[in-house]
Amino acid sequence: MSEQIQISQATDKKAKYESLLPQIESLISGETDLIANLANISAALHTVFGWWWVGFYLVKSDELVLAPFQGPLACTRIKFGKGVCGTAWKEKKSLLVPDVNKFPGHIACSSQSVSEIVVPIFNTQKEVIGVLDIDSEKYDILDETDVYYLEKLTEIISKFLST
Ligand code: SME
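Since the model is a prediction, treat every value here as computed from it, not as a measurement.

Visitor: Can you break down the overall build of the protein residue by residue, with the values?
Guide: When helices and strands are tallied, the protein shows 4 helices and 6 strands. Secondary structure elements of the protein occur, N-terminal to C-terminal, as α-α-β-β-β-α-β-β-β-α. The C-alpha radius of gyration computed for the protein amounts to 15 Å, which stays within 12% of the reference 15 Å derived for 163 residues, consistent with globular compactness. In terms of overall dimensions, the protein has a C-alpha envelope of 40 × 35 × 25 Å along the principal axes. The buried share of the protein, taken over its 163 residues, is 45%. Residue pairs at least 24 apart in sequence account for 52% of intrachain contacts in the protein once pairs closer than 6 positions are excluded. For the protein, the accessible area works out to roughly 8,400 Å², and carbon and sulfur atoms hold 51% of it. In the protein, 15 positive and 21 negative side-chain charges are present, and the distance between their average locations comes to 4 Å.

Visitor: Tell me what's going on with the packing of aromatic side chains, and back it up with residues and numbers.
Guide: Within the structure shown, the criterion is met by 7 aromatic pairs. Ring centres of Tyr 17 and Phe 49 lie 4.6 Å apart, and the angle between their planes is 35°; this geometry places the pair in the tilted category. You can see Tyr 17 sitting in helix α1 (residues 13-29) and its partner Phe 49 sitting in helix α2 (residues 34-49), a full 32 residues away along the chain. There is no split in this pair, since Tyr 17 and Phe 49 are both buried.

Visitor: If you had to explain the pairing of strand β2 (residues 63-70) to someone new, which residues and values would you point to?
Guide: Note that strand β1 (residues 53-60) and β2 share 6 bridges and pair antiparallel. Bridge pairing in β2 places Val 54 opposite Gln 70. The loop that links β1 with its antiparallel partner β2 comprises 2 residues; one of these, Ser 61, has a positive phi angle of about 50°. Sheet topology places β2 next to strand β3 (residues 77-79); 3 bridges connect them, and they run antiparallel. Note on β3: the bridge partner recorded for Leu 64 is Ile 78. Between β2 and the antiparallel strand that follows it, β3, lie 6 residues; Gly 71 among them carries a positive phi value of about 135°.

Visitor: Summarise the pattern of salt bridges; cite the residues concerned and give the values.
Guide: Tallying each qualifying case throughout the model produces 8 salt bridges. Two residues, Glu 63 and Arg 77, come together in a salt bridge whose shortest N-O distance is 2.6 Å. Of this pair, Glu 63 sits in strand β2 while Arg 77 sits in strand β3, placing them 14 residues apart in sequence. Among the salt bridges present, the one from Lys 93 reaches Glu 91, with a minimum N-O distance of 3.6 Å. Relative accessible area serves as the criterion here: at 43%, Lys 93 is assigned to the partly exposed category.

Visitor: Now, about the environment of Gln 6: what can you tell me, with residues and values included?
Guide: Position of Gln 6 relative to the elements: it lies in the segment before α1. Along the chain, Gln 6 and Leu 20 lie 14 residues apart, while their C-alpha atoms are 7.7 Å from each other. Setting aside residues no more than four positions away along its own chain, Gln 6 makes contact with Ser 19 and Gln 23.

Visitor: Break down the site of the ligand for me, with residues and values.
Guide: In the vicinity of the ligand, 13 residues are found, and the nearest of them are Val 84, Cys 85, Ile 107, Glu 116 and Asp 135. One nitrogen or oxygen atom from the main chain of Cys 85 is found 2.8 Å from an oxygen atom belonging to the ligand. For the ligand, a nitrogen atom lies 3.0 Å from a polar atom in the side chain of Glu 116. In isolation the ligand has 300 Å² of accessible area, and contact with the protein removes 99% of it. Every element with two or more residues in the shell around the ligand is listed here: β1, α3 (83-91) and β6 (128-136). With 3 residues, α3 is the largest single contributor of residues to the shell around the ligand.

The rules we used
Residues numbered from 1 in each chain as written. Predicted model: local features only at pLDDT ≥ 70, side-chain atom pairs only at ≥ 80, totals over all residues. Heavy atoms only, no water. Helix = DSSP H or I, 4+ residues; strand = E, 2+ residues; numbered from the N terminus. Rg over C-alpha atoms; globule rule 2.2 N^0.38 Å. Buried < 20%, exposed > 50% of the residue type's maximum accessible area, 1.4 Å probe, protein only. Contact = heavy atoms within 4.5 Å. Areas by Shrake-Rupley, 256 points an atom, 1.4 Å probe, with all protein chains shown as cover. Lys, Arg positive; Asp, Glu negative; His and termini not counted. Charge placed at Lys NZ, Arg CZ, Asp CG, Glu CD. Phe/Tyr/Trp six-rings, centres within 6.5 Å; stacked < 30°, edge-to-face > 60°. Pairing = 2+ DSSP bridges. Salt bridge = Lys/Arg side-chain N within 4 Å of Asp/Glu carboxyl O. Near = heavy atom within 4 Å. Polar contact = N/O pair within 3.5 Å; in protein donor to acceptor, adjacent residues only side chain to side chain.

So, in structure tokens, the structure goes:
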């Protein structure tokens, strides 16, 4: 099956998410493999928004391990409670970091990355099974609109996990 995402580049961020999310939901409904789906989701997000780095980490025992992503090489393992990703896991909530220099303990996988959003992915027992991480090379470019829609996206992934 050929997968294509169609988003007008002329539309604003909110409109892009509104158009993208149903397409992602449809895309992953045709495939049962989690890694394959996370790979296509990271590709779709990267294509539409052009972020510096977008991808997933999955929980494996006491750490997050690098999973499908788009962008430069990244740290492979992050301990519970460490960095933005490990903190989002520990606190079970999304973290919006407009300037990574102001987040104590931020893990700098790339010096180009200066702002970040991390959104946890939950299973049906409300345990965190992984995180979605978005990094930008621009300060203050990610905001509550991104948090809102990226949480909707991780809900779509949670729904997929429960089927
Ligand atoms: N900056 C993240 C680490 C992951 S990378 O940015 C891809 C953190 O502090 O958890």
